[in-house]
Each structure stands twice: as C-alpha cells, then as structure tokens.
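# Observations on chain architecture
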Amino acid sequence: MWSPRVVARVNDYDIRIAKVAGEHVWHAHSDTDEFFLVLAGTLHITMRDAPGGGERVVILHRGEILVVPRGVEHRPASPAGASILLVEPTGTLSVGDRHDPLPDHVEATTGHALA
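Scope of this entry: the structure provided in the associated data block. Residues take numbers from 1 onward in each chain, read along the sequence in its written order. Reporting of local features is limited, given that this is a predicted model, to residues whose pLDDT is at least 70; pairs of side-chain atoms are given and counted only at 80 or more, and all residues count toward the totals for whole chains, interfaces and linings. In computing side-chain values, all of the structure's heavy atoms are included and hydrogens and water are not.

### Notes on the overall build of the chain
Numbering of helices and strands starts at the N terminus; helices are DSSP runs of H or I of at least 4 residues and strands are runs of E of at least 2. A tally of helices and strands in the chain yields 0 helices and 9 strands. For the chain, the α and β elements follow one another from N to C terminus as β-β-β-β-β-β-β-β-β. Buried means the residue's accessible area, taken with a 1.4 Å probe over protein chains only, is under 20% of the maximum for its type, while exposed means over 50%, and partly exposed covers the values in between. The buried share of the chain, reckoned over its 115 residues, is 37%. In this description, contact between two residues means that some pair of their heavy atoms is separated by no more than 4.5 Å. Within the chain, contacts between residues at least 6 apart in sequence are counted, and of these 71% link residues at least 24 apart.

### A word on the pattern of salt bridges
Two side chains of opposite charge can pair, provided their charged atoms sit close to one another. Salt bridge criterion: a side-chain nitrogen from Lys or Arg within 4 Å of a carboxyl oxygen from Asp or Glu. Tallied over the full model, the rule gives 7 salt bridges. Residue E23 pairs with R75 through a salt bridge whose shortest N-O separation is 4.0 Å. Of this pair, E23 sits in strand 2 (residues 13–23) while R75 sits in strand 7 (residues 74–89); the two residues are 52 residues apart in sequence, bridging distant segments of the chain. Taking the relative accessible area as the measure of exposure, E23 reaches 43% and is therefore partly exposed. Salt-bridge contacts for R70 lead to D33; the nearest nitrogen and oxygen are separated by 3.7 Å. In this pair, R70 is assigned in the loop between strand 6 (65–68) and strand 7 and D33 in the loop between strand 3 (27–28) and strand 4 (34–48), connecting sequence segments 37 residues apart. Through salt bridges with shared partners, a single network forms among R9, D14, R16 and E88.

### Let's talk about the nonpolar core
For soluble globular proteins, the rule of thumb is that nonpolar side chains tend to be buried together. Ranked by internal contacts, the top residues of the largest apolar core, which has 16 residues, are V20, F36, L43, I45, L60, L66 and I84. Secondary structure elements with two or more residues in this core: strand 2, strand 4, strand 5 (55–61), strand 6 and strand 7. Working definition of a nonpolar core: buried Ala, Val, Leu, Ile, Met, Phe, Trp, Tyr and Cys residues. They are joined through side-chain atoms within 4.5 Å.

### Some points on the pairing of strand 4
Strand pairing follows a simple DSSP-based rule, namely that at least 2 bridges must link the two strands. Pairing between strand 4 and strand 6: 4 bridges, direction antiparallel. Note on strand 6: the bridge partner recorded for F35 is V67. Here strand 4 pairs with strand 7 via 10 bridges, running antiparallel. The residue bridging G41 from the neighbouring strand is A82, located in strand 7. Two elements, strand 4 and strand 5, share 7 bridges in a ladder whose sense is antiparallel. What sits directly across from L43, in strand 5, is L60.

Set out below in structure tokens:
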C-alpha cells in the first residue's frame, strides 16, 4: 500500500513515512521537488526524461536519497517492499497534480496522521 503518514511538520513541510510495496503510479509534481530517503529495503524510481528522451531507473538502498525535480514524471516501485521517508510541502498530494489512473493499492492523500 502506498499511503504515507505525517510524522512531523517543519515550517511549511510535511515529514512523511511509508511502508511501500509494488508499483506507485506515474505522476509529477508541477510546483515542488520530491525528497526520498530509504529507511529499509530498496526503492526503484523510474523517471521520464525530456520528451523523446526515454526513461531511466535509479535504485536506492537503505540510507540513500534522491530528489526528483519538480515537473519530472516519475514512478516509484519496491518489488520486495521498503520503508521510506518523504519531505514535501504541506498539502502536497501523494500522486502529484498529474497522474495515471490509481490502482487499489495506491491512495491519493496529503498524508495521514501517525496513529
């Protein structure tokens, strides 16, 4: 399930954690970068380069980070599951402002309170 929890707010940013498995959807955030830190497991992030430029995959292991620049279409995936930390402006939708249709295991949310 791709459903992040908000663990803290710093200024106007959410610090979110999530346990993820499978593929997220292709999406983009037009107005903000997206920060990923892998806490456990492995995360694959496929990014679409400029039109006609193809795709590239970045594989992140525990302790590694990636910042996906605003406007870049990307699709996170974790075949074996991972725990991740995300930093995004408060209110940012987890599926960006442009995305593919959502499968059942991907939730469009601005983050849930940590219970």
